[in-house]
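# Fold and geometry: a report
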Amino acid sequence: QYQPKPEHKFTFGLWTVGNPGADPFGSAVREAISAPYIVEKLGELGAWGVNFHDNDLIPAEATPEQAKQIKKDFQAALDATGLVVPMATTNLFKDPIFRDGAFTSADARVRAYAIQKTMKAMDLGAEFGAKTYVFWGGREGTEVDAGSRTLDAMGWFREALNFLAEYNISQGYGYKFALEPKPNEPRGDIFLPTVGAALGFIATLDHPEMVGVNPEFAHDTMAGLSFPHALAQAIDAKKLFHVDLNDQKMGRFDQDLRFGSENYKSAFYTVKLLEDSGYQGPRHFDAHALRTEDYDGVWEFAKGCMRTYLILKDKVEQYNADPEIQAALAEYYVKDEALSGLTSKFSPENAQQLKDTSFDLEGIRSKGRGLEKIDQLTAEVLLGVR
Ligand code: GCO
Ligand code: MN
Ligand code: MN
């Protein structure tokens, strides 16, 4: 039970399990491991796929011959394990050239280079069959709002995405783009900090149908926002093109904790939204093992992300089938067919009838909503006593 299988669509980035554990105060604690080895291990653990930034696979300094060999070895590992590459992305944050932004740099040369690098990274992703292309604007932000860059940046970001959308079409890659919002870190303030901000921006692009979001659990949680709320908005907008699962304590530095390790209830509602909505995309874990760990700990971490997801999926089924919970929910969702008929669509007649309706305001006001009971029942499902 709770054994991950490819049909569960669990994916990891090369940069997640391959993270050597360096932080701003300390050096790496684990030696680097190769992409084919990561693929082999993920295959053993039951993952479905693996994702990469261009430079996770091909180091920036690799010669064309080296790049060719790396791709050959990686493909061989994919063939041997059956793992797929559903998503690819660009590293637009490590190189010092991106110190003040990539697509939104105030330097036109940097903006052009960022687009060039992304086109090449899209070529690489397409070689391995990736269908989702993620844009995480890690360096797209500021510490200092000089001149009118805060406003200009929106235009530059739009220009870059419009350019790359046309490139996608001209190459026939069929990518869906997924913008990944984050409020801060590494920049003091990152542009398009929330799912809602990204959705608003997408509507201004030349190809809004091609572009959705990649919400991440930790990013909303860091800022004290609710991840399930952000996820729900993305689902409602039909813009959930990808999802980054992990965990995080609120108000901390970016922790990228094992999925479900910290906020059990939010993790439960995350899985519930993904499963109940029929989301078909990858369940991607954008997290890494604690710096305290060696590679045994890394593989425990990877297993743990998937196992907790499956346990919570089971809990969702249990919750959805629990008669007492469903009865409490039926009371919570007060139905009134006649009123809903009036409000579901405007007409002058409906408006008039609604104006003429009298409500039992005191009766409605004085009745509690029953949420203490629902929440306790939810807690008991999660705590395993129901
Ligand atoms: C972060 C981000 C990244 C992106 C990755 C893929 O907080 O560092 O979540 O891990 O998801 O670059 O675009
Ligand atoms: Mn993150
Ligand atoms: Mn992420």
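In the block above lies the structure referred to throughout.
What comes next concerns the included structure. For clarity, every value in this text was computed on a predicted model and none was experimentally measured. (Residues numbered from 1 in each chain as written. Chains lettered and ligands numbered in written order. Predicted model: local features only at pLDDT ≥ 70, side-chain atom pairs only at ≥ 80, totals over all residues. Heavy atoms only, no water.)

## Quick look at the overall build of the chain
- Within the chain, the regular secondary structure consists of 16 helices and 10 strands.
- Computed over the C-alpha atoms, the radius of gyration of the chain is 23 Å, within 12% of the 21 Å expected from 2.2 N^0.38 for a compact globule of 386 residues.
- Taken across its 386 residues, the chain has 47% of its residues classed as buried.
- Residue pairs at least 24 apart in sequence account for 77% of intrachain contacts in the chain once pairs closer than 6 positions are excluded.
- For the chain, the accessible surface area stands at approximately 19,300 Å², while carbon and sulfur atoms represent 54% of it. (Helix = DSSP H or I, 4+ residues; strand = E, 2+ residues; numbered from the N terminus. Rg over C-alpha atoms; globule rule 2.2 N^0.38 Å. Buried < 20%, exposed > 50% of the residue type's maximum accessible area, 1.4 Å probe, protein only. Contact = heavy atoms within 4.5 Å. Areas by Shrake-Rupley, 256 points an atom, 1.4 Å probe, with all protein chains shown as cover.)

## So, the nonpolar core
- Counting residues in each nonpolar core, the largest one holds 91 residues, and the members touching the most others are Phe12, Phe74, Phe177 and Phe259.
- Looking at which element gives the most residues to this core, the answer is helix H11 (residues 295-321), with 12 residues.
- In contact with phenylalanine 177, not counting residues within four places along its chain, are Met122, Tyr133, Phe135, Leu161, Leu164, Ala165, Asn168, Met210, Val211, Gly212 and Phe241. (Core = buried A, V, L, I, M, F, W, Y, C linked by side-chain atoms within 4.5 Å.)

## Section: the sheet that holds strand E1 (residues 10-13)
- Strand order in the open sheet made by the 8 strands is E8-E6-E4-E3-E2-E1-E10-E9, with parallel pairing throughout. At either end of the open sheet lies a strand with only one pairing partner, and these are strand E8 (211-213) and strand E9 (244-245).
- Here E9 runs beside strand E10 (residues 283-285); their pairing, made up of 2 bridges, is parallel. Bridging from a neighbouring strand, aspartate 244 pairs with histidine 284 of E10.
- Against the sheet, helix H6 (residues 149-171) makes contact with strand E4 (132-136) and strand E6 (176-180), and its axis sits at roughly 155 degrees relative to E6, the strand it touches most.
- Its contacts with the sheet put H11 on E1, E9 and E10, and the angle it makes with E1 is roughly 150 degrees. (Pairing = 2+ DSSP bridges. Axes fitted to C-alpha atoms, helices over the stretch in contact; angles between N-to-C directions.)

## Some details on helix H5 (residues 108-127)
- Taking 1.5 Å of rise per residue, the 20 residues of H5 would be expected to cover 28 Å, and the 29 Å separating its terminal C-alpha atoms lies within 8% of that figure.
- When we look at burial in H5, the residues that qualify are Val110, Arg111, Ala114, Ile115, Lys117, Thr118, Ala121, Met122, Leu124 and Gly125. (Expected span 1.5 Å × (residues − 1).)

Coordinates in, geometry out; function isn't part of it.
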